[in-house]
Amino acid sequence: MTYLADVAALARKDLLLELRARETLPAMALFVIAALVIFHFALPSGSSDLAAEGLLWVAIVFTALLGLARAFVAEREHAVMDGLVLAPCDRSAIWLGKGLAVLGFLATVELIGLPAFAIFFHGVGARTIAGVALADVGICAVGTFVAAMAAASRTRELVLPLLFLPLAIPVVIGGVGASVVTGGNRYLGFLALYDAVFAIICWASFEYVVTE
Amino acid sequence: MIRARGVGRSYGRKQVLRGVDLDLPAGGFLLVTGPNGSGKTTFLRLLAGLQVPTAGSLEVDIERGRIGFLSHAPLVYPQLTAVENLDLYGRLYRVSERRERIGMLLERFGLWDARNDRAAAYSRGMLQRLALCRALLHEPDLLVLDEPYSGLDEAGATLVDRELLERRATVVCATHDPGRVERLATARLAFA
């Protein structure tokens, strides 16, 4: 219970910070809409629905990347991570709290992005929505872990995309597969497996990211 | 309580700390002095467990959550109020009777009237007072203070004096104003 209380306190703090600063969510929302508008005009008329489905995943991954780039800005700019790391709570609670906050931001932005995709391209099916939900968990689990690593680096702007994008390839494969392949349920299973494996790895090893 | 033998710390090829030996019993007061760049802050970070030595051995016989650390940065979120910042730390540090303790510290450090202001609106001195509240919130057994008088006016500095005088914790204090705490010191460490 104490662990969950720590996670809740940390996630609540991030939501409160975003509510006050309003820096990340508006930027992510604007980005996803802008990306979908660009894709709408970039895709030749008469292109297949399958191609549009792929572009949805490009928009989701890069929107998530934008949010992840800001995930640890408050901790980095004001050295607050030192205070959090010294606290007696399990350090994985920092990862989980931050990951839940990022997941909340991404899900909120998708509430705008998916209807926008339906307007510009075509309707979104139940399997695509399930795929997006599962992909969000994996993206936030891995992305928060990598964002913490990048925050400790001088070349954080380079490190985050260089580490995150290769790790997000399975998410794109699973997401696109779930969206377009007939009988794509096995891709949903693949995404769930990815989520479970990477969440466990990140949870178990986050301590080594924030300590020497 | 604290035992250091030949402690050193390097960043790549640059050695910022070398051959530090120290024995500080529980309840002691270590005064750390030295010019800028002599390794004081690095040594304090090693004591707090935020970094590890690259040479020698360092034993700090204190649990992680029982250390109060005051650094150059106040370690607070500017967009949160003083109460929200302290409440977050209070939860993470398992402070019992959190609200009462937060209220008492804010009163003592003269921040009660500004308790619901965001830390971003605080002056340098007020931030230092808030940082002191944060470091003392969980009544630590080891207090690691890096320039505790930095940014404080005389009234604020007197509050720190009083806090150190009434202390029960072991204290390690690095300062450029050693005269203020000289009489409290039971051990000294001068970096060159």
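See the structure shown above.
These notes cover the structure that comes with them. A quick note: this is a predicted structure, and the numbers were derived from the prediction, not measured.

1. A few points about the sheet that holds strand 1 (residues 2-11) of chain B
Two strands in a sheet stick together by hydrogen bonds in their backbones, pointing the same way (parallel) or opposite ways (antiparallel).
Residue and element names in this part refer to chain B.
Then, in step 1: In space, the 3 strands of this open sheet follow the order 2-1-4, with antiparallel pairing throughout. The sheet is open, and its two borders are formed by strand 2 (14-24) and strand 4 (55-60), each paired with just one other strand. Between one strand axis and the next, the sheet turns by 25° as a mean value, whatever way the strands run.
Then, in step 2: In the sheet, strand 1 pairs with strand 2 via 7 bridges, with the strands oriented antiparallel. Bridge pairing links Ser10 to Gln15 in strand 2.
Then, in step 3: Docked against the sheet, helix 1 (residues 40-48) engages strand 1, strand 2 and strand 4, running at close to 55° with respect to strand 2.

2. Focus on unusual backbone geometry
Residue and element names in this part refer to chain B.
Then, in step 1: In this structure, Leu75 is a non-glycine residue whose phi angle is positive, near 60°.
Then, in step 2: Among the structural elements, Leu75 can be located in the loop between strand 5 (67-70) and helix 2 (82-92).
Then, in step 3: The class for Leu75 is buried, based on a relative accessible area of 0%.
Then, in step 4: Its identity is not glycine, yet Arg94 carries a phi of approximately 55°, on the positive side.
Then, in step 5: The residue Arg94 is located in the loop between helix 2 and helix 3 (98-108) in this model.
Then, in step 6: Residue class for Arg94 comes out partly exposed when judged on its relative accessible area of 39%.

3. Structural notes on the sheet that holds strand 7 (residues 170-174) of chain B
All names here are of chain B.
Then, in step 1: Spatial ordering of the open sheet is given by 5-6-7-3-8, a layout of 5 strands whose pairing is parallel. Of all the strands in the sheet, the pair left with one neighbour each is strand 5 and strand 8 (187-190). Taking each pair of neighbouring strands and ignoring which way they run, the sheet shows an average axis angle of 10°.
Then, in step 2: Where strand 3 (residues 29-33) meets strand 8, 4 bridges bridge the pair, whose relative direction is parallel. Within strand 8, the position partnered with Leu31 by the bridge is Arg188.

4. A word on the pattern of salt bridges
Then, in step 1: Considering all chains together, one arrives at 20 salt bridges over all chains under this definition.
Then, in step 2: Two residues, Glu163 of chain B and Arg108 of chain B, come together in a salt bridge whose shortest N-O distance is 2.6 Å. Residue Glu163 of chain B is found in helix 5 (residues 154-165), and its partner Arg108 of chain B is found in helix 3; the two are separated by 55 residues along the sequence.
Then, in step 3: Members of the salt-bridge network, linked through shared partners, are Lys13, Asp14, Glu75 and Lys98 of chain A.

The rules behind these values
- Residues numbered from 1 in each chain as written.
- Chains lettered and ligands numbered in written order.
- Predicted model: local features only at pLDDT ≥ 70, side-chain atom pairs only at ≥ 80, totals over all residues.
- Heavy atoms only, no water.
- Pairing = 2+ DSSP bridges.
- Helix = DSSP H or I, 4+ residues; strand = E, 2+ residues; numbered from the N terminus.
- Axes fitted to C-alpha atoms, helices over the stretch in contact; angles between N-to-C directions.
- Contact = heavy atoms within 4.5 Å.
- Buried < 20%, exposed > 50% of the residue type's maximum accessible area, 1.4 Å probe, protein only.
- Salt bridge = Lys/Arg side-chain N within 4 Å of Asp/Glu carboxyl O.

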